[in-house]
Amino acid sequence: MTSTSRSNAPALRQAITVAAFAFIASLILWTNQQHVSRFFMLSPLLVHTLLETITITIFVSVFIVCWNAFGGHRSRSSVILAVTFLSAAILGFVHAISFQGMPEFTGPSDMHKSFSAWIASRAIIAMTLLGLSLNPKDPNLSQKQSDIFLWTGLALTAIICSVIFFFPHAIPLMYSTDNGQTNFKIACEILLIVINIVSASLFLRDGVKGTDQHAEDRLEIARIPLFLASWLMGISEVYFSLYAERSDVNVAIGHFLQLAAAVAIYRSMVAINIHKPYTRLATQTIEIARAASELAAQRERLHRMIDTAIDGIITVDEHQSILMINPAAAAIFGYDADFLPGKSLTLLIPERHRAGHGTHLKKFGETGSTRRKMGSHYEDFYITGRRSDGEEFPMEASIAHQLENGARIYTVIFRDITDRKIAKEKMAQYHEELSQLSAALQSIREEERKHIARELHDDLGQLLAALRMDLTLVQRDPELGNKSQSAIQSMDQLILTAITTLRRIATDLRPRALDEGGLFFALQTLQREFSQRHRIDCELIADEDRLTLDDARSTAIYRIVQESLTNVARHAEASEVTIEFEHFPDKIIFSICDNGKGIDEEDMKKSRSFGLVGMRERVKAMHGQFHVSGNAGEGTCLHVELPLSGQTT
């Protein structure tokens, strides 16, 4: 069972109870007509006119609500119901004024005319309720379509009335003075009884399923009261088929049931739609009160947050008048918080910036963008404040804008970054000094290497060479025995090994090829020795004529290539290495790439990767760019770009 059907359960039980009571009571009256026929109305015309007038009033109310309840949002069902009940009200009025005993408004009173109008009125209502119970599609209609329905209904009603008054004989006889109601009239009543019972059954089914219409912008129709209305109308038609005299009590009972059915119709369409806006208004009032309370609480929280925020917050209008400033902002500028509201924002801006600030603010409001970077870096002090004593200070800030009642409002959140500026400048200074120190240490280290290499080669190397020559002379002495000859040969071999080792160490410290043959020759030697020593295929792609550089750049490039090859041998597990140089008029670009296991980004960021740090510092000292790339299993590439002009650090 759906929630809608559960909410309709009490109303459904009440409607079924009333319907059952009406049927049982009527069944008793129908089976005892010999007793019921003894009772007559004292003033049948008055009772009839009163009940018909109330019914007509209800039908007119149904028309008004169905037609006007939701303005231009009319569904087809609401338009048909409106036209139906307006026509029924008109025909009911015709029935009332032509009833026997009424003044002869339009000619002699004639029960045939009255019954004709009555049957036409009830037939229209019964057929309309039957159509509504079938739940047809219910599209919206335009105002023009609604007017067409209305005028068509009125035209048909006028035709029916004209036929009743001016051509009554065109309608089969409904009533004769001698015999009372005719068979045709009774047949019409039976047909209406059947139609109403079918409609009541369908409405009851919908009421059990809970299929009432609950659209916010449409006529709401309660199906349960319509079930009761159709049922009562069906029962009333039985009474109207039983009476013989207009003073018969069956007439009063039938009209009373018709009135009860009209009240049920009123409740299903009029009462519910009149009550609906008030219910919605009451609900919305409660929701508005709750929202206002929540808004007040949120405003209070917002004010507390603004007042306790450590950042400065200022709100200004499009004329740069300060609307709101929090205590932190007032303290930053050195003013009292109660002094600044209403003052111009230019009071807080240095004089040199005041002329262009208004233009920037207006442009930001119109486009949502500005050329001012709002202090995004500590070097970019685009936002500069002015304290009450005239001191200027840097700020970083963000700005937002919104429209309030057509006026543009700007809110700036900022903070004083004077201390950060000082700290950043000191850090930059320290970093520059460290870079200079690193470059100086690299230079000193290189000079020391050159000195040690020269001492080893020129002094110790010469001594070892002289010692080997002396051993050669001693070895030629014929008086030496075989044992001595063997010892001298061993000593000679050791001295030769020492000379080779000495040359290798001296070359690592400062390759003589770099000083004697230039960078290209030194790189060729390094490539050849690397391949021989580590059994790794190394290819050098370079133009000898274009690798003629000054000593500082040549040394830096050589050391970078040397350190890179050392890293390849130690870590890469590679089988191939390519060293490639590209020469441009203003710069030289070279790369060292291997096909090894690659390098992870975390490894590149390790603080103990001194080889990478040393290479990076060398490149920085040359004002170049250094980049390492590589993925696991895809090898590693080192890219270096060095300018050919300018001084090195």
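What counts, and where the lines are drawn
- Residues numbered from 1 in each chain as written.
- Predicted model: local features only at pLDDT ≥ 70, side-chain atom pairs only at ≥ 80, totals over all residues.
- Heavy atoms only, no water.
- Helix = DSSP H or I, 4+ residues; strand = E, 2+ residues; numbered from the N terminus.
- Buried < 20%, exposed > 50% of the residue type's maximum accessible area, 1.4 Å probe, protein only.
- Contact = heavy atoms within 4.5 Å.
- Areas by Shrake-Rupley, 256 points an atom, 1.4 Å probe, with all protein chains shown as cover.
- Pairing = 2+ DSSP bridges.
- Axes fitted to C-alpha atoms, helices over the stretch in contact; angles between N-to-C directions.
- Expected span 1.5 Å × (residues − 1).
- Polar contact = N/O pair within 3.5 Å; in protein donor to acceptor, adjacent residues only side chain to side chain.
- Parallel < 35°, antiparallel > 145°, perpendicular 65-115°, else oblique.
- Nonpolar A, V, L, I, M, F, W, Y, C, P; charged D, E, K, R; others polar.
- Core = buried A, V, L, I, M, F, W, Y, C linked by side-chain atoms within 4.5 Å.

Q: Now, about the overall build of the protein: what can you tell me, with residues and values included?
A: Within the protein one finds 18 helices and 14 strands. Taking all 649 residues of the protein together, 41% fall into the buried category. Contacts spanning at least 24 positions in sequence make up 67% of the contacts within the protein whose residues lie at least 6 apart. As displayed, the protein has an accessible area near 35,900 Å², and 58% of this comes from carbon and sulfur atoms.

Q: I'd like a rundown of the sheet that holds strand 6 (residues 322-325), residues and numbers included.
A: Taken together, 5 strands build an open sheet; the order of strands is 6-5-9-8-7 and the sheet is antiparallel. Taken across any chain shown, the strands that pair with only one partner, and hence form the sheet edges, are strand 6 and strand 7 (384-386). Strand-to-strand twist across the sheet, computed as the mean angle between neighbouring axes with direction ignored, equals 35°. Two strands pair when backbone bridges link them, and strand 5 (residues 312-317) and strand 6 are joined in this way by 3 bridges, in the antiparallel orientation. Bridging across to strand 6, Val316 finds its partner in Ile322.

Q: Mind laying out helix 16 (residues 551-572), listing which residues take part and the relevant values?
A: The terminal C-alpha atoms of helix 16, which comprises 22 residues, lie 30 Å apart, in line with the 32 Å expected from a rise of 1.5 Å per residue. The residue sitting at the N-terminus of helix 16 and contributing the capping side-chain oxygen is Asp550; that oxygen lies 3.2 Å from the backbone nitrogen of Ala552. Just past helix 16, the residue Glu573 takes up positive phi, approximately 55°.

Q: Residues and numbers for the packing of helix 15 (residues 519-534) against helix 16, please.
A: Following both chains from N to C, one finds helix 15 and helix 16 inclined at 10°, their axes separated by 10 Å at the closest point. Taken as axis vectors, helix 15 and helix 16 run roughly parallel relative to one another. Residues Leu519, Ala522, Leu523, Leu526, Phe530 and His534 of helix 15 form the contact with helix 16, whose own contacting residues are Ser554, Ile557, Tyr558, Val561, Gln562, Leu565, Val568 and Ala569. Classifying every residue of the contact of helix 15 with helix 16 by side-chain character gives 11 nonpolar, 3 polar and no charged.

Q: Describe the nonpolar core, naming the residues involved and giving the relevant values.
A: Counting 43 residues, the largest nonpolar core has Phe59, Phe85, Ile125, Leu129, Leu226 and Ile265 as its most contacted members. Sorting the residues of this core by element identifies helix 1 (3-30), helix 3 (44-68), helix 4 (76-97), helix 5 (111-133), helix 7 (183-209), helix 8 (223-240) and helix 9 (249-308) as the ones contributing at least two each. With 9 residues, helix 8 is the largest single contributor of residues to this core.

Q: So what's going on with the pairing of strand 5? Residues and values would help.
A: The element strand 5 is extensively covered by neighbouring structure, given that 6 of its 6 residues are classed as buried. Every second residue of strand 5 is oriented toward a common face, with Gly312, Ile314 and Val316 on one face and Ile313, Thr315 and Asp317 on the other, all of them buried. Inspection of the sheet shows strand 5 paired to strand 9 (residues 407-416) by 6 bridges, in the antiparallel sense. Along strand 9, the bridge assignment pairs Gly312 with Phe414.

Q: Outline the sheet that holds strand 12 (residues 587-594), listing residues and values.
A: Read across the sheet, 5 strands follow the order 10-11-12-14-13 without closing on themselves; strand pairing throughout is mixed. Both edges of this open sheet fall to strand 10 (537-541) and strand 13 (625-630), since each of them pairs with a single strand only. Each adjacent strand pair in this sheet contributes to an overall mean axis angle of 10°, direction not counted. The sheet contact formed by strand 12 and strand 14 (residues 636-643) spans 7 bridges and is antiparallel. By the bridge assignment for strand 14, Phe590 is matched with Val640.

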